[in-house]
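Each chain, letter by letter, is given below.
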Amino acid sequence: MRELQNLYIDGTWTAPVERTVLERTDPASGRPIGRVALDGGADVDRAVTAARSAFAAFAATTPAERTELLETIGAEYARRAEDMALAVTTELGSPLNLSRTLHVPSTQSQFHNAAQALRNMKLVEERGRTWVRREPIGVCALITPWNYPALQPAGKVASALAAGCTTVLKPAQLSPYSAVVLAEVLDAAGIPPGVFNLVMIRGSAVGDVLNAHPEVDMISFTGSGPVSVSVAPTAKRLVTELGGKSPQIVLPDADLDTAVNTAVLYALGNSGQTCGAASRTLVPRERLDEFLTALTTRVQSLKVGDPHAPDTFVGPVVSADQWDTVQGYIHKGIDEGARLVTGGPGKPDLPDTLRGGHFVKPTVFADVTNNMTIAREEIFGPVMSVIAYDSVEDAISAANDSPYGLCGYVTGADSLRARAVAERMRTGYVLINDADFDFNTSWGGYKQSGNGREWADFGIGEYLETKSIVGVTA
């Protein structure tokens, strides 16, 4: 049993003033694995006060000093990489191999990428007799989700620190362990007291407590659209990433293996619990049968099971509630007339030790239309919808016919044609063919996928205010 009883406030580990205990269970078995002490408003006030007290001194540090701090954090993070991988697997159920090869490297890169971006950013610009300065906005509340419990906090923290801001991090209550490892990394790297603070508070209380606090200047929130409505309805700066329903357009000339690999990796990886999951696959009608045959063979070969087994590709979803949600969508797909190709309701056949876990059968639906619930709403589970199209124009139209616009995927042999299609997609990020995911560029979406951008110089810019000083003389 892992006990998390303390918060990290003003450079020290301290017990909450108010405490509610939450029991955490193993997503793979359903058995209790630990308890987490959730704090109340008084503890948030302590953290915000510490961040405010530390702001003036940290904002006055030079970009070179903050760059050095970020690089030190990255080096310390590398030393704790295995601890972070185990934390992610424990709380999320992510296959350990995926935690080691995706969750941890993508997180570590955030500190190095922010350092590199800061080296190249121009924070003061002369325009004749006017100086334009970009200055840190102040105290930032960072609210992060459970599905990428290492990457999301690190991306926000790295950008805020690069800008010269002080922070209060509130991770999801389902994923506290990785946030504690991050706090330990920052502490070991010598972050000044008050610059980073970690609180644990129930999600339902976040909006009221942080939005109402007069010393919070900015909120960066990643989570669901309905929850975001309660966060920062005031004049505080609000940066959001609210999920998506991302399309993959398979062009008529696409290589079949590449198309299937993209669909499987980006729709079923992380058990489908990815904001940018390629959950809608648009396929030329004339190639539908061959695509479904190849896709079904691949999906049915995937190992579902113990996250610690080296060959596991699909682990459990994070909780019993999430399992119920995904099952509801699978039943909805069947009820609305989609054709179940593989997978379906219920749990896969697994050993007795895993039957209490929250496992979902990797599921593929065909004959999906773009107005079905499973094609409109974010499922956050290993469920794919395959939609046939008659022309590329129809595919682009269907891809853009969504309230979301976070991510997109294009698969095609002609890279120039694929890029032309990508340029017409109303999404903030597009991957062509089997390109590696780039964590050193902007991340964020159009429409109901949020406002603002994260990562690298794009993310740092969200934490800066712009000031013009007119009438400067030499």
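Residues numbered from 1 in each chain as written. Predicted model: local features only at pLDDT ≥ 70, side-chain atom pairs only at ≥ 80, totals over all residues. Heavy atoms only, no water.

Novice: Kindly report on the overall build of the chain, identifying the contributing residues and their values.
Specialist: Counting secondary structure elements, the chain contains 15 helices and 23 strands. Since a compact globule built from 474 residues should have a radius of gyration of about 23 Å, the 23 Å found for the chain is in line with a globular shape. Considered along the principal axes of its C-alpha atoms, the chain spans approximately 70 × 60 × 40 Å. (Helix = DSSP H or I, 4+ residues; strand = E, 2+ residues; numbered from the N terminus. Rg over C-alpha atoms; globule rule 2.2 N^0.38 Å.)

Novice: Give a description of the layout of surface pockets that names residues and reports values.
Specialist: Taken as a whole, the second largest pocket spans an internal volume of roughly 760 Å³. Leu 98, Leu 102, Tyr 148, Leu 265 and Tyr 266 are, among the 35 residues lining the second largest pocket, the residues nearest its centre. The set of elements that each furnish at least two residues to the lining of the second largest pocket consists of helix 4 (96-120), helix 5 (151-163) and helix 9 (256-268). Residues of the lining of the second largest pocket, tallied by class, amount to 18 nonpolar, 13 polar and four charged. (1 Å grid on protein atoms, 1.4 Å probe; cavity = no way out; pocket = protein on both sides within 12 Å on 5 of 7 lines; lining within 4 Å. Points joined across faces, edges and corners; volume = space filled by probe spheres on them. Nonpolar A, V, L, I, M, F, W, Y, C, P; charged D, E, K, R; others polar.)

Novice: I'd like to hear about the pairing of strand 20 (residues 429-432), residue by residue, with values.
Specialist: Across the two faces of strand 20 the burial differs, with Tyr 429 and Leu 431 buried and Val 430 and Ile 432 not buried at all. Viewed along the sheet, the connection from strand 19 (residues 407-411) through helix 14 (residues 415-423) into strand 20 turns out right-handed. (Buried < 20%, exposed > 50% of the residue type's maximum accessible area, 1.4 Å probe, protein only. Right-handed = clockwise from strand over helix to strand, strands pointing away.)

Novice: Now, about helix 2 (residues 63-79): what can you tell me, with residues and values included?
Specialist: In a regular helix each residue adds 1.5 Å, so 17 residues correspond to 24 Å; helix 2 covers 25 Å between its end C-alpha atoms and thus fits that length. Of the positions making up helix 2, those classed as buried are Arg 66, Thr 67, Leu 69, Leu 70, Ile 73, Gly 74, Glu 76 and Tyr 77. Residues of helix 2 that are buried in the fold lie against helix 1 (41-59), helix 3 (81-92), helix 4, helix 5 and helix 6 (177-188). (Expected span 1.5 Å × (residues − 1). Contact = heavy atoms within 4.5 Å.)

Novice: Before we move on, can you summarise the sheet that holds strand 1 (residues 2-4) with the specific residues and values?
Specialist: Here we have three strands laid out as an open sheet, ordered 1-5-4, and mixed in their pairing. The sheet terminates laterally at strand 1 and strand 4 (20-25), the two strands that pair on one side only. Taken over all neighbouring pairs, the strand axes of this sheet differ in orientation by 15° on average, direction set aside. Pairing geometry for strand 1 and strand 5 (residues 32-38), over three bridges, is parallel. When the bridges of strand 5 are listed, Leu 4 appears paired with Val 36. The strands that helix 6 touches are strand 1, strand 4 and strand 5; relative to strand 1, the one it contacts most, it runs at about 65°. (Pairing = 2+ DSSP bridges. Axes fitted to C-alpha atoms, helices over the stretch in contact; angles between N-to-C directions.)

Novice: Mind laying out empty space enclosed by the protein, listing which residues take part and the relevant values?
Specialist: In this structure the tally under the stated criterion is two cavities of 30 Å³ or more. Lining the largest cavity are 13 residues, and of these Gly 272, Ala 277, Ser 279, Ile 379 and Phe 380 lie nearest its centre. Split into classes, the residues belonging to the lining of the largest cavity amount to six nonpolar, five polar and two charged. Its boundaries defined by the atoms lining it, the second largest cavity holds a volume of some 30 Å³.

Novice: Give me the lowdown on the side chain of Glu 462, citing residues and values where you can.
Specialist: Structurally, Glu 462 can be placed in helix 15 (residues 456-462). As a buried residue without a salt bridge, Glu 462 has its nearest oppositely charged side chain in Arg 237, at a separation of 5.2 Å. Setting aside anything within four residues of it in sequence, one finds Glu 462 in contact with Met 218, Arg 237, Val 239, Gly 452 and Arg 453. (Lys, Arg positive; Asp, Glu negative; His and termini not counted. Salt bridge = Lys/Arg side-chain N within 4 Å of Asp/Glu carboxyl O.)

Novice: Talk me through the pattern of salt bridges; I want residue IDs and the actual numbers.
Specialist: Summed over all chains, the structure comprises 23 salt bridges. In this structure, Lys 467 and Glu 135 form a salt bridge, with 3.3 Å as the shortest nitrogen-oxygen distance. In this pair, Lys 467 sits in strand 23 (residues 464-470) while Glu 135 sits in strand 7 (residues 130-136), placing the two residues 332 residues apart along the sequence. Overlapping salt bridges bring together Arg 52, Glu 215 and Asp 217 as one network.

Novice: Got a sec to walk through the nonpolar core? Specific residues and values, please.
Specialist: In terms of nonpolar packing, the biggest core is built from 93 residues, with Phe 111, Leu 161, Phe 196 and Leu 198 touching the most fellow members. Leu 282, Val 317, Val 326 and Val 392 belong to the second largest nonpolar core, which has 29 residues in total. (Core = buried A, V, L, I, M, F, W, Y, C linked by side-chain atoms within 4.5 Å.)

Novice: Which residues make up the pairing of strand 7, and what values go with them?
Specialist: Direction of pairing for strand 6 (residues 124-127) relative to strand 7: antiparallel, over a ladder of four bridges. Opposite Val 124, over in strand 7, you have Arg 133 as the bridge partner. In this antiparallel pair of consecutive strands, strand 6 and strand 7, the connection spans two residues, and Gly 128 shows a positive phi of 65°.

Novice: I'd like a description of the sheet that holds strand 20, backed by residues and values.
Specialist: Pairing is mixed across the open sheet formed by seven strands, whose spatial order is 15-16-17-14-13-19-20. The open sheet has two free edges, formed respectively by strand 15 (339-342) and strand 20, since each of these has just one partner strand. Within this sheet the neighbouring strands show an average axis-to-axis angle of 25°, counted without direction. As paired elements, strand 19 and strand 20 share four bridges and run parallel to each other.

Novice: Give a description of the side chain of Glu 135 that names residues and reports values.
Specialist: Side-chain polar atoms of Glu 135 contact the side chain of Arg 133, separated by 2.8 Å. Contact partners of Glu 135, with chain neighbours within four places excluded, come to Tyr 463, Leu 464, Glu 465 and Lys 467. (Polar contact = N/O pair within 3.5 Å; in protein donor to acceptor, adjacent residues only side chain to side chain.)

Novice: I'd like a description of the packing of aromatic side chains, backed by residues and values.
Specialist: Within the structure shown, the criterion is met by 13 aromatic pairs. With a centroid separation of 6.4 Å and an interplanar angle of 40°, the aromatic rings of Tyr 77 and Phe 111 are classed as tilted. In this pair, Tyr 77 is assigned in helix 2 and Phe 111 in helix 4, connecting sequence segments 34 residues apart. Each member of the pair, Tyr 77 together with Phe 111, is buried. Note on Phe 437 and Phe 439: the rings are 5.1 Å apart at their centroids and 45° apart in plane angle, and the pair reads as tilted. On the accessibility criterion, Phe 437 (23% relative accessible area) is partly exposed. Ring-pair connections join several aromatic residues into one group, and the members of that group are Tyr 266, Tyr 409, Tyr 429, Phe 437, Phe 439, Trp 443 and Trp 455. (Phe/Tyr/Trp six-rings, centres within 6.5 Å; stacked < 30°, edge-to-face > 60°.)

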